[in-house]
Amino acid sequence: MAQMNLLQAINNALDIAMAEDDSTLCFGEDVGFFGGVFRATSGLQEKYGKTRCFNTPLTEQGIIGFANGLAAQGSRPIAEIQFADYIFPAFDQIVNESAKFRYRSGNEFNVGKLTIRTPYGGGIAGGLYHSQSPEAYFTQTPGLKVVVPRNPYQAKGLLLAAIRDDNPVVFFEPKRLYRASIGEVPEEDYQLPIGKADIVQTGSDITLLAWGAQMEIMEKAAAMASEAGISCEVVDLRSLLPWDLETVANSVAKTGRLIISHEAPITGGFAGEIAASVQKECFLNLESPIERICGLDTPYPLAQEKEYVADHLKVFEAIKRSVNF
Amino acid sequence: MNTNTNSYEKGQVVHTPTFIDGHSVDIPILKILQQDGSVYDGAQLPKIDQTLATKVYKTLAFHRVLDERMVAAQRQGRLSFYMTALGEEATTVGGAAALEPQDMIMGQYREQGALMFRGFKLEQFMNQMFSNEKDLGKGRQMPIHYGSSELNYMTISSPLGTQIPQAAGYAYGQKLQGKDEVTICYFGEGAASEGDFHAGLNMAAVHGAPVIFFCRNNGYAISTPSDEQYKGNGIASRGVGYGIKTLRIDGNDILAVIKAVQWAREYALAEKAPVIIEAMSYRLGAHSTSDDPSGYRTREEEAKWQANDPILRMKNWLLAQDWWNEEQDSALFEGLREEVLAAVKVAEKIAKPELRELVTDVYDDVPEHIEKQYQELVEHIKQYPDAYPVTSGRLK
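About the thresholds
- Residues numbered from 1 in each chain as written.
- Chains lettered and ligands numbered in written order.
- Predicted model: local features only at pLDDT ≥ 70, side-chain atom pairs only at ≥ 80, totals over all residues.
- Helix = DSSP H or I, 4+ residues; strand = E, 2+ residues; numbered from the N terminus.
- Rg over C-alpha atoms; globule rule 2.2 N^0.38 Å.
- Buried ≥ 20, exposed ≤ 12 C-beta atoms within 10 Å, placed from the backbone.
- Contact = placed C-beta atoms within 7 Å.
- Core = buried A, V, L, I, M, F, W, Y, C linked by C-beta atoms within 7 Å.
- Pairing = 2+ DSSP bridges.
- Right-handed = clockwise from strand over helix to strand, strands pointing away.
- Nonpolar A, V, L, I, M, F, W, Y, C, P; charged D, E, K, R; others polar.
- Domains from an automatic or database assignment.
- Axes fitted to C-alpha atoms, helices over the stretch in contact; angles between N-to-C directions.

J.: I'm lost on the overall build of chain A in this one. Help?
T.: If you tally the helices and strands in chain A, you get twelve helices and 14 strands. The C-alpha radius of gyration of chain A comes to 19 Å, within 12% of the 20 Å expected for a compact globule of 325 residues. Dimensions of chain A, computed from C-alpha atoms along their principal axes, come out at roughly 60 × 40 × 40 Å. Each of the 325 residues in chain A was classed as buried or not, and the buried ones make up 60%. Within chain A, residue pairs in contact and separated by at least 24 positions form 79% of the contacts whose partners lie at least 6 positions apart.

Put into structure tokens, the structure is as follows:
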């Protein structure tokens with residue numbers, strides 16, 4: 001085991017993936033010599049050469065279109081979009097191409113080897129265009145998988161699984177935690193399952209469900225609740241598409257209460273999808289309404305970021321409302 | 001009638017494959033002013049008198065001082081982020097100087113020089129950078145994302161290249177309404193790789209929009225050098241392909257910039273057609289305060305361009321014209337440094353925008369569902385005032 005931050009864990013996963021398969025390529029804006037603006041691909045060009053790890057021109061639609069072509073050809077592209085806020089020029093390539101390549105051709109062709117890595121989320125004083133959490137736009141796209149890790153250990157295992165998965169995966173990396181989240185990570189190869197939630201903390205009174213950087217918030221709120229005598233079960237969804245209804249429903253059946261939290265605006269966010277499915281599975285188990293603690297329905301602010309975010313205090317208040325319902 | 005057919009038929013007929021190469025197209029580069037302040041023999045000067053020249057120079061000086069001071073302020077932790085335009089100031093200040101106040105300026109993000117020339121005040125720059133309640137943008141965007149409808153400077157958006165097709169549309173509207181107006185659209189050679197570049201130039205050409213596409217080719221897109229950005233003959237070579245009048249200039253030559261943009265404005269209005277100008281320059285500073293160029297380029301390369309300083313070049317010209325002297329110059333820079341420092345101290349103490357600004361302007365009015373979210377947020381903050389110190393004290 002080694003101490004790694006989230007960036008190092010990602011870099012380590014990319015290194016393993018490139019070492020094991022010569023057809024694995026890493027590319028994107030500033031990804032080559034510089035190693036990416038966050039340095040996630042640091043050292044890879046040096047190790048694997050300019051033909052396998054390289055800078056692209058500044059065109060997101062080009063990056064993903066190029067990656068789709070490579071994946072269709074049989075290579076294993078790992079494309080980086082510098083910020084999730086800038087993924088939208090590539091939306092057509094992802095939603096209409098990556099996601100539908102297999103289906104539309106009757107599996108004559110597919111881009112299953114594609115992985116798209118992109119840093120997402122707030123907390124870095126990034127304002128409108130360096131803070132967004134656009135995962136829900138992609139969860140409504142059959143054909144894609146959507147994965148979000150919460151810490152270095154999860155990041156390495158899930159990214160290796162994403163790279164090897166035979167379906168296109170959009171891998172959202174919580175950039176607020178890139179250097180802030182440090183933990184024990186095995187140096188050897190391992191994978192964590194896509195589509196399986198992870199119970200981070202067991203509890204009996206209420207289930208707290210989130211993913212990515214929001215997990216820290218949930219754990220903090222759970223600690224506050226614990227002091228108030230409330231036992232929280234904290235669940236990391238990890239994979240949003242497909243998502244693990246079984247684990248979530250089992251937890252809610254046990255606790256009778258559920259709070260879902262995400263950074264993205266509440267309306268149309270993925271919490272709504274979860275709430276709808278859980279109420280159907282657990283209708284008779286529910287002791288209180290399912291609550292969603294999310295971003296407001298505004299663009300991501302700058303000056304009022306602290307007020308805007310779904311922080312631990314808002315989650316804690318929701319926990320109290322739920323148990324006192 | 002399809003006029004394109006004629007163009008194809010004008011081509012020479014060959015009977016063996018005969019390739020042409022973009023690099024074989026010789027693109028001239030306009031240079032008027034030499035680094036020592038002398039004008040090239042036979043060079044045609046732009047329309048410029050002492051008043052305009054002095055205003056341009058003072059704007060350049062202001063730009064340089066503001067950039068230097070704000071980088072220092074960022075390093076001191078007083079500011080979250082900053083972007084300089086070190087070495088490229090002539091492209092934006094010169095562009096604005098060649099235009100009329102009613103012309104729209106659409107920038108990428110490194111065009112504060114154009115806004116300075118238009119008269120955006122020092123405290124307005126500060127208010128934006130410190131996201132305070134006097135910021136026209138209501139504290140919603142990162143530093144340097146300026147905008148002013150009064151000064152016809154479209155608010156900056158971080159996503160790259162999005163302004164390019166917008167500029168085509170804006171200019172088309174100006175044309176339809178018969179206005180004596182054009183739009184200038186700035187972008188870098190990196191942004192020219194975005195799909196929006198193609199969309200914007202092609203639509204402007206097809207629909208005859210009076211827009212001046214102004215490419216600041218500064219050699220780098222963050223760490224990516226232009227030779228990893230494109231393989232053609234710069235960005236100018238593409239203008240030819242779109243059927244757009246194309247001009248390449250020395251971007252560190254303020255007189256070449258002014259001359260080119262003055263000409264482009266006249267042409268765009270008279271011919272109801274776009275122009276593309278590619279200004280060759282160099283991003284002497286880091287991409288932003290979050291970047292460190294020492295990881296991807298050499299000091300020697302930077303030194304070569306430091307010797308091409310556009311501001312010093314203009315100063316040398318002004319001195320040669322006897323329109324300026326060293327005493328004035330020292331006094332100008334000294335005064336500016338003090339003004340900027342004083343303005344930082346004022347702006348950082350001005351309160352942040354009211355919490356209410358979180359929910360305004362999402363739509364024309366605050367809809368019911370957002371109003372409800374806002375009221376819940378207010379109640380929450382009142383419950384935990386210490387956790388939200390910036391806003392809690394001001395809530396009624």
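J.: Just checking my understanding: could you explain the nonpolar core for this structure?
T.: General note: in soluble globular proteins, nonpolar side chains tend to be found buried as a group. Membership of the largest hydrophobic core comes to 208 residues, with the highest contact counts inside it found for Leu208, Val315 and Ile319 of chain A together with Cys185, Val211, Ile212 and Ile277 of chain B. Examining the composition of this core, we find that ten residues originate from one element, helix H2 (residues 50-75) of chain B, more than from any other. Dropping the residues within four chain positions of it, Val211 of chain B is found in contact with Ala167, Ala168, Ala171, Val182, Thr183, Cys185, Ala204, Ala268 and Pro274 of chain B.

J.: Sorry if this is basic, but what is going on with the pairing of strand S13 (residues 258-265) of chain A here?
T.: Look at any regular strand and the pattern is simple: side chains alternate between the two faces of the sheet. Residue and element names in this part refer to chain A. For S13, the buried fraction is high: eight of the eight residues fall into the buried class. Across three bridges, the pairing between strand S10 (residues 206-210) and S13 is parallel. What sits directly across from Thr207, in S13, is Leu258. Bridge count for S13 against strand S14 (residues 291-295) is five bridges, and the pairing is parallel. Each residue of the ladder has a partner; that of Pro265, found in S14, is Gly295. You can see the chain leave S13, run along helix H10 (residues 270-282) and come back into S14, and the turn it takes is right-handed.

J.: When you look at the interface of chain A and chain B in this model, what are you seeing that I'm missing?
T.: Many analyses report the size of an interface as the accessible area lost when the parts associate. Listed per partner, the contact involves 31 residues of chain A and 39 residues of chain B. Where the side of chain A that touches chain B is concerned, the elements lending two or more residues are helix H11 (305-308) and helix H12 (312-323) of chain A. Per-class residue counts for the side of chain A that touches chain B are 17 nonpolar, seven polar and seven charged.

J.: Before we go on, may I ask you to explain unusual backbone geometry in this structure?
T.: What is expected of a backbone is that most residues other than glycine have negative phi and most peptide bonds are trans. In this structure, the amide linkage connecting Leu241 of chain A to the following residue, Pro242 of chain A, adopts the cis form with an omega of 0°. Along the chain, Pro242 of chain A falls in the loop between strand S12 (239-241) and helix H9 (245-255). Not every positive phi belongs to a glycine, and Ser131 of chain B is a case in point at roughly 45°. You can see Ser131 of chain B is positioned in the loop between helix H5 (122-129) and helix H6 (163-176). A positive phi angle, close to 70°, is found at Asp361 of chain B, a residue other than glycine. You can see Asp361 of chain B is positioned in the loop between helix H12 (326-347) and helix H13 (368-383).

J.: Just to check I follow, could you spell out the domain arrangement of chain A for this structure?
T.: Residues and elements named next belong to chain A. Taken as a whole, chain A is organised into domain 1 (2-185) and domain 2 (198-323). When each unit is reduced to the centre of its C-alpha atoms, the spacing between domain 1 and domain 2 is 26 Å. Counting residues at the interface gives 25 residues for domain 1, matched by 20 residues for domain 2. Elements represented by at least two residues in the side of domain 1 that touches domain 2 include exactly helix H6 (135-139), strand S6 (145-147), helix H7 (152-164) and strand S7 (169-174). Taken together, the residues of the side of domain 1 that touches domain 2 break down into twelve nonpolar, nine polar and four charged.

J.: What's the story with the environment of Thr155 of chain B in this structure? I'm lost.
T.: Turning to its location among the elements, Thr155 of chain B is positioned in the loop between H5 and H6. Ignoring sequence-local partners within four residues, the contact set of Thr155 of chain B consists of Gly137, His145 and Gly147 of chain B.

J.: Just checking my understanding: could you explain the sheet that holds S14 of chain A for this structure?
T.: Residues and elements named next belong to chain A. Strand order across the open sheet formed by five strands is S9-S11-S10-S13-S14, with mixed pairing between neighbours. In this open sheet, the two strands that pair with only one neighbour each are strand S9 (198-201) and S14. Sheet twist, expressed as the mean angle between neighbouring strand axes with direction ignored, is 25°. Strands S9, S10, strand S11 (232-236) and S13 of the sheet are contacted by helix H8 (residues 214-227), whose axis makes an angle of about 175° with S11. The strands touched by H12 within the sheet are S10, S11, S13 and S14, with S14 carrying the most contacts at an inclination of about 165°.

J.: Help me understand the domain arrangement of chain B, please; the structure alone is not making it clear to me.
T.: As assigned here, chain B comprises domain 1 (22-347) and domain 2 (355-392). Each of domain 1 of chain B and domain 2 of chain B has a C-alpha centre, and these two points are 38 Å apart.

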